[in-house]
Amino acid sequence: MTESLFQLGSQYQQFRPTYPPSLFQWLANQCPSRDRAMDLGCGSGQASRGLEPWFRQVIGADISHPQLLAAPPSSSHYLVSVAHRLPLADASLDLITVAQAYHWFDQTAFQAEAERTLRPGGVLALISYGICEVAGLEGMIRDFHDGPLAPWWPAQRAQVVAGYPDASLPWPALTYPGDSITLDWYATDMLGYLDTWSALVQAARAGESLLDDFAPRLKQAWRKTQRTVRWPLRVRAWRKQ
């Protein structure tokens, strides 16, 4: 199991889209200081590394040790921890980010822990991206997501796709100016990304090879060229009073 989780972490590192630098600059600009940031549910550290140019210290935390082992060397410090019980002092963080992971947390307990560990004026940001669109193949990835994969998605999936609209804290909200993740990919890049989807992982464990059925159609439609892939980027953020 550990080996398979490490393999999945390596796939995340290789195929999951990276966030635009403008996101991390905006987050840093909202913070009272740039001493210490924590990226929770960090996986193999995509968002953690994005924070590094802006903060003196970046800590990435995840419950999966194999995922953390897949993170490439960088200046971030990684630790195994649950989100609602952090091994940190009170008022020791300027920023907490949660990228594509908030739906897995005990949200009430996590919010209490965020209040404990953030400094006055510190920022909590929930980062997510929706279902991507491919130039010239509009709707193809969504149809796969909502069609054959629908029975295999966990119930929490709807939260992240919608950008956590129900998340709420009793702090002033911050308005993200908006952006998107945009990459130029070949069909093989997209197939590598799809292979990290939790629904496909669950289906494969049950003996269902759904990606094997979809891949030939995707390759035929994509052709041997690069296409622009765009994910809507969403941020829900609050400043601790």
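Residues numbered from 1 in each chain as written. Predicted model: local features only at pLDDT ≥ 70, side-chain atom pairs only at ≥ 80, totals over all residues. Heavy atoms only, no water.

Undergrad: Before we move on, could you go through the overall build of the chain and cite the residues and values that matter?
TA: Scanning the chain from terminus to terminus reveals 10 helices and 9 strands. Dimensions of the chain along its principal axes, counting C-alpha atoms only, are 55 × 40 × 35 Å. For the chain, the residues scored as buried account for 53% of the 241 residues in total. A total of about 11200 Å² of accessible surface is found on the chain, and carbon and sulfur atoms cover 51% of it. Across the chain, 21 positive and 22 negative side-chain charges occur, with their mean positions spaced 4 Å apart. (Helix = DSSP H or I, 4+ residues; strand = E, 2+ residues; numbered from the N terminus. Buried < 20%, exposed > 50% of the residue type's maximum accessible area, 1.4 Å probe, protein only. Areas by Shrake-Rupley, 256 points an atom, 1.4 Å probe, with all protein chains shown as cover. Lys, Arg positive; Asp, Glu negative; His and termini not counted. Charge placed at Lys NZ, Arg CZ, Asp CG, Glu CD.)

Undergrad: Account for the nonpolar core, with residues named and values stated.
TA: Judged by nonpolar contacts, the single largest core of 77 residues is most densely connected at Leu 124, Met 190 and Leu 194. Apart from residues lying up to four places away in sequence, Met 190 is in contact with Cys 132, Val 134, Ile 141, Trp 185, Leu 218, Trp 222 and Val 229. (Core = buried A, V, L, I, M, F, W, Y, C linked by side-chain atoms within 4.5 Å. Contact = heavy atoms within 4.5 Å.)

Undergrad: Could you give me a rundown of the pairing of strand β1 (residues 36–40), with the residues and numbers involved?
TA: In terms of residue burial, β1 counts as a mostly covered element, since 4 of its 5 residues are buried. For the crossover that starts at β1, traverses helix α3 (residues 46–51) and ends in the parallel strand β2 (residues 57–62), the hand is right-handed. Both β1 and strand β4 (residues 93–99) contribute to a ladder of 4 bridges, which runs parallel. Bridge assignment links Ala 37 to a residue of β4, and that residue is Leu 95. (Right-handed = clockwise from strand over helix to strand, strands pointing away. Pairing = 2+ DSSP bridges.)

Undergrad: Tell me about the packing of aromatic side chains, residues and numbers included.
TA: Summed over the entire model, instances satisfying the criterion amount to 14 aromatic pairs. Judged by centre distance (6.3 Å) and plane angle (85 degrees), the rings of Tyr 19 and Phe 24 are edge-to-face. Seen from their ring centres, Trp 153 and Trp 197 are 5.4 Å apart, and the 55 degrees between their planes marks the pair as tilted. Here Trp 197 lies in the loop between α8 (187–194) and α9 (198–205) and Trp 153 lies in the loop between α6 (140–146) and α7 (157–161), a separation of 44 residues in the sequence. (Phe/Tyr/Trp six-rings, centres within 6.5 Å; stacked < 30°, edge-to-face > 60°.)

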